[in-house]
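The chain contents come next:
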Amino acid sequence: MKRTPPKLPLQFLRWFCREDYLDEIEGDLIEVFVKQAEINPRQAKWKFVWSVIKYFRPEFMKSFRRCQPNAYGMYKSYFKIGWRNLVKNPTFSFINISGLALGLTCSILIALWVHDEYNMNAFHENIDRIHTITSTEYSGNEITYGGYDTPGLLGEELKITMPEVEYGCTINGWLEWRTFGVEGRRLKMPGYYAGADFLKIFSYPLLMGSRDTALSSPESIVISRKMAIALFGTPESAMDKSIRFDNEADLKVTAVFEDLGDNVSDKFEYLISWDFFVERNEWVKDWGNSGPTTFIKLREYTDAKTIKPKLRHFIKDYDSNYSDFHRLELSLQPFSEKYLYSNFKEGKVAGGRIEYVRLFSLVALFTLLIACVNFMNLSTARSIKRAKEIGVRKVNGAQKSALVGQFMMEAFLFTSIAVVFALIALLALLQPFNLLTAKNIQVPFTDGRFWMGILSLALITGIMSGSYPALLLSSFKPILVIRHSLKSSSVAIFFRKGLVVFQFALSMIFIIGVIVISNQVQFIQNKNLGYEKNNLIYLPLTGNISNNFNAFKQEALKISGVFSVSQISQRPVQLENATVDVDWEGKIPNTNPIFVGANVGYDFTKTMQATIVAGRDFSEDFSDSSNYIINEKALRIMGYKNPIGMPLALGNRKGTIVGVVNDFHFKSLHVPIEPLILRFAKSGWGYALIRTDPEKTSIALTGLEELHKKLNPDFIFAHQFADEEYAYLYQSEQVVKKLSWCFAFLAIFISSLGLLGLVIFTSEQRIKEIGIRKALGASVSQITTLLSKDFMKLVLVSIILSIPVAYYVMANWLKGFEYRITIQWWMFLVAAVGAIAIASLTISFQAIKAAKTNPVNSLKAE
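None of these values were measured; they are calculated from a predicted model. (Residues numbered from 1 in each chain as written. Predicted model: local features only at pLDDT ≥ 70, side-chain atom pairs only at ≥ 80, totals over all residues. Heavy atoms only, no water.)

Trainee: I keep staring at the overall build of the protein and nothing clicks. Help me out?
Mentor: Looking only at helices and strands, one finds 31 helices and 26 strands in the protein. Classification of the 862 residues of the protein by burial places 50% in the buried group. When contacts within the protein are restricted to residue pairs at least 6 apart in sequence, long-range pairs at least 24 apart make up 77% of them. For the protein, the accessible surface area stands at approximately 41,900 Å², while carbon and sulfur atoms represent 56% of it. (Helix = DSSP H or I, 4+ residues; strand = E, 2+ residues; numbered from the N terminus. Buried < 20%, exposed > 50% of the residue type's maximum accessible area, 1.4 Å probe, protein only. Contact = heavy atoms within 4.5 Å. Areas by Shrake-Rupley, 256 points an atom, 1.4 Å probe, with all protein chains shown as cover.)

Here's what the structure looks like:
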């Protein structure tokens, strides 16, 4: 019985070969198939194909090359059609490309910033094993403190007593600006006191010296390359040399480290042995005192969770005052999280810069979405114009998948061009962006991951912007196109209107956010702090001025423009020292509220221009060595009705209250005013406070510098203004305010571009209608209203939908401030009026142009 080949192999070959050639060789094919079928009937059909390919290889390959569907040619065709459409419609192409380019530029800039934030301090080796000790202070069941303050001896003790801890060290938790001198050369540099294991825990690059011994001696100092060059000429010359520290002690250079880069969050120029600090500060040796910061490095394969229970009550065995009622509990925070998660709420880590990272990430996403919505809207709106093209291609056999591929190719073409322009804009805007954000971000062109990110972003953008138009356009039925009865479906129209609403709703949220943020920042800048921050100068007390402050004060008061002089142990914008060791008459047993304390000199409230609400200021006319001034918050806690002359004990120091000062802000407005106790101190340490005449500040500064050189020739005159220090506390808010303005402008600009494109298209679609209406006597204003009203309805809907969302978002942001503005109705009104005005200008620009078109030109084809 003669066998015939199955259909599949013949179909397979017919697809690759010319049909006439296949007919010529069909008899030979059947003979080959019969032979293969006798060997293995099940595999016959595929062995048949393989035998044919081998047997007729020359002829087959020739036909294959000639007749194979050419993928390259297909995509080349897609590209040509897409390019022709791009060039044929320059207005819509410009709107689409510029919108996508702006959205991509914004997204790339923010992505680089977010990457920089996440990579801060990431260069340290084994960073997953490095942890920061956090502390939570309890008074009964009430949490009175949460932060990084720990006992000064904790780091070394953890290393000794916990086998899971490989290294442990303590540093002072605040940056110290100190004066260093070598053979007449002097400079003031910031740095820390650090434990012996500091350079074993952290991987700061050493140019010379050993990590094991660099900070082991009390007289050791490790300095930066910059500091070594400034003092010794070269880093090599600095090793084992002596440096004069604050004209008090000589320190030996035991190591030199490379200058710290922009990927370091806490920059410093020197490290001095922690033992040197402990020798000069007896309070550090008391386990009941906190303030320094402690770091540990766990041994390899140690799970941090296993040591948390042992760490929690670790201080109990060392602090004699530790009790179930008043205790300091310890925990761990991965060092890699400290930069982004440094805020505390109710004693626990609760956000920080991560909030801004999330905020700007959402801004980047929404800005890109607005740009993609532009593309979708314009592409679907113009779908009618491409209906005949689609109908003809479908009649000629084009599959839906081929049409989807065509329109997706066009979307990727637009996106690719937008990416090129976005990269050009990125280079132009990067420097201003760095100035705005206080960063030094560079575009990593040589990093393959950057290009993979750009490619991924381009693909995502192309898919987001092109998928819906591609599916919509490819679904047209050719019979409707041929009959000229194709119309946009109600679903498509509704979706397109929804996209417009979505665009403007996001833009409205941006505008409302800008208004709220700007008003909160202005509120911070103008808020009455309880003292006058302007024309108030801080001058660190060092050397002879510290030893003889009274002489400095008397000479300073003689300088023209100097109004008043006092002193304080810490800067008034950041009083940190706190204690619960406070006693007064009538204190409720087993309660230990936390009080902030500071040492001040004579004329403190006069110099600060704070208000004494009861009693008096510290004065040379009285003996105030054991007296106190408290603020109103402290008075409310103590419960005294007539506080003047009432007893108060701070630790072992018993005295009386001689004054009550108003509640002035001595910390950020993010936190409430805390109870404050001011004690008189004659010792000249901390800062001199100098109040100047607003019109003579420059004269006063010149005189103060000359006086400083006269009394303190071995130290550098380094002053600070209180208002600048206060502004520094809100640097992040200032950056958010400026960036918000930029992003709001971008969002509304991109949305307006899209709206302009839709108005242009609508005008083109209704050009004959407009001509007939004008011929029948319609005015320009009537036609403008006709074209505008539908779009304005969409803008109004977007305003209504955006208001509750914007209120929720901004109310949550304001919760981060203890002192904040109230969101007012007028903020929404201003945003709404602004959005309507921008939309009206955008729509009217094209509507009026269309309304003024000569009807003869639009109707002559009829």
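Trainee: Explain helix H25 (residues 697-711) to me, please; I cannot follow it from the model alone.
Mentor: If you check H25, its first and last C-alpha atoms are 21 Å apart, about what 15 residues at 1.5 Å a residue would give, namely 21 Å. Those residues of H25 lying buried are Thr 697, Ala 700, Leu 701, Gly 703, Leu 704, Leu 707 and His 708. Seen along its axis, H25 keeps its buried residues to an arc of 165°; they face one direction. Across H25 from its buried face, at more than 90 degrees, point the exposed residues Ser 698, Glu 706, Lys 709 and Lys 710. Buried positions along H25 lie against strand S15 (536-540), helix H21 (543-547), helix H22 (549-556), strand S16 (562-568), strand S25 (687-692) and strand S26 (720-721). (Expected span 1.5 Å × (residues − 1). Arc of directions from axis to C-beta.)

Trainee: Would you mind showing me how to read the side chain of Asp 617 here?
Mentor: Looking at the secondary structure, you find Asp 617 in the loop between strand S20 (612-615) and strand S21 (627-631). For the buried Asp 617, no salt bridge is present, and the opposite-charge side chain at shortest range is Arg 616, 7.0 Å distant. Reaching out from Asp 617, the side chain makes a polar contact with the backbone nitrogen of Phe 604 at a distance of 3.2 Å. Engagement of the side chain of Asp 617 in a polar contact is seen with the side chain of Thr 605, the distance being 2.6 Å. Every residue in contact with Asp 617, bar those within four places of it in the chain, is listed here: Asp 603, Phe 604, Thr 605, Lys 606, Ile 612, Asp 624 and Ile 629. (Lys, Arg positive; Asp, Glu negative; His and termini not counted. Salt bridge = Lys/Arg side-chain N within 4 Å of Asp/Glu carboxyl O. Polar contact = N/O pair within 3.5 Å; in protein donor to acceptor, adjacent residues only side chain to side chain.)

Trainee: What's the story with the pairing of S21 in this structure? I'm lost.
Mentor: Successive side chains on a regular strand alternate, one facing one side of the sheet and the next facing the other. Taking burial as the measure, the five residues of S21 include five buried ones, the bulk of the element. Here S21 shows two buried faces, one formed by Asn 627, Ile 629 and Asn 631 and the other by Tyr 628 and Ile 630. As judged from the five bridges shared by S21 and strand S23 (residues 653-661), these two strands associate in the parallel manner. Across the sheet, the residue bridging to Ile 629 is Gly 659, located in S23. Inspection of the sheet shows S21 paired to strand S24 (residues 676-680) by three bridges, in the antiparallel sense. Across the sheet, Ile 630 pairs through a bridge with Ile 677, a residue of S24. (Pairing = 2+ DSSP bridges.)

Trainee: Looking at this structure, how should I read the pattern of salt bridges?
Mentor: Between side chains of opposite charge, a pair can form as their charged atoms come close. Using the criterion set out here, one finds 22 salt bridges in the structure. Arg 244 is paired through a salt bridge with Asp 250; the nearest N and O atoms lie 3.3 Å apart. When its relative accessible area of 31% is taken as the criterion, Arg 244 is described as partly exposed. Exposure remark for Asp 250: the relative accessible area of 43% places this residue in the partly exposed category. Here Arg 358 ties to Glu 355 by a salt bridge, and the two come within 3.7 Å at their closest N and O atoms.

Trainee: Honestly, the packing of aromatic side chains in this entry has me stumped. Any pointers?
Mentor: Centre-to-centre distance and the angle between the planes together describe a pair of aromatic rings. Considering all chains together, one arrives at 39 aromatic pairs under this definition. With a centroid separation of 5.0 Å and an interplanar angle of 85°, the aromatic rings of Tyr 148 and Phe 344 are classed as edge-to-face. Here the residue Tyr 148 occupies a position in the loop between strand S2 (142-147) and helix H8 (154-161), and Phe 344 occupies one in strand S13 (residues 344-345), the gap between them amounting to 196 residues. Each member of the aromatic cluster is reached from another via a ring pair, and the members are Phe 123, Tyr 192, Phe 198, Phe 202, Tyr 204, Phe 257, Phe 268, Phe 295 and Phe 335. Positioned above the aromatic ring of Tyr 138 is the side chain of Arg 327, whose terminal nitrogen or guanidinium carbon lies 4.3 Å from the ring centre. Taking NZ or CZ as reference, Arg 616 lies 3.8 Å from the ring centre of Phe 622, over its face. (Phe/Tyr/Trp six-rings, centres within 6.5 Å; stacked < 30°, edge-to-face > 60°. Lys NZ or Arg CZ within 6 Å of the ring centre and 35° of its normal.)

Trainee: Explain a nonpolar patch on the surface here, please?
Mentor: On the surface, a cluster of nonpolar side chains totalling about 530 Å² of accessible area is made up of Trp 825, Trp 826, Leu 829, Val 830 and Val 833. With respect to the helices and strands, Trp 825 occurs in helix H30 (residues 825-851). The class for Trp 825 is exposed, based on a relative accessible area of 62%. (Patch = residues over 30% accessible without salt bridge, like charges linked within 9 Å, V, L, I, M, F, W, Y side chains within 5 Å.)

Trainee: Explanation requested: the pairing of S25 in the structure shown.
Mentor: A large share of S25 lies buried, amounting to five of its six residues. Relative to S25, S15 runs antiparallel, the two sharing five bridges. Following the sheet pairing, Leu 539 is matched in S25 by Ala 688. Bridge count between S16 and S25: six bridges; the pairing is antiparallel. Paired with Gln 567 across the two strands is Ala 688, which belongs to S25.

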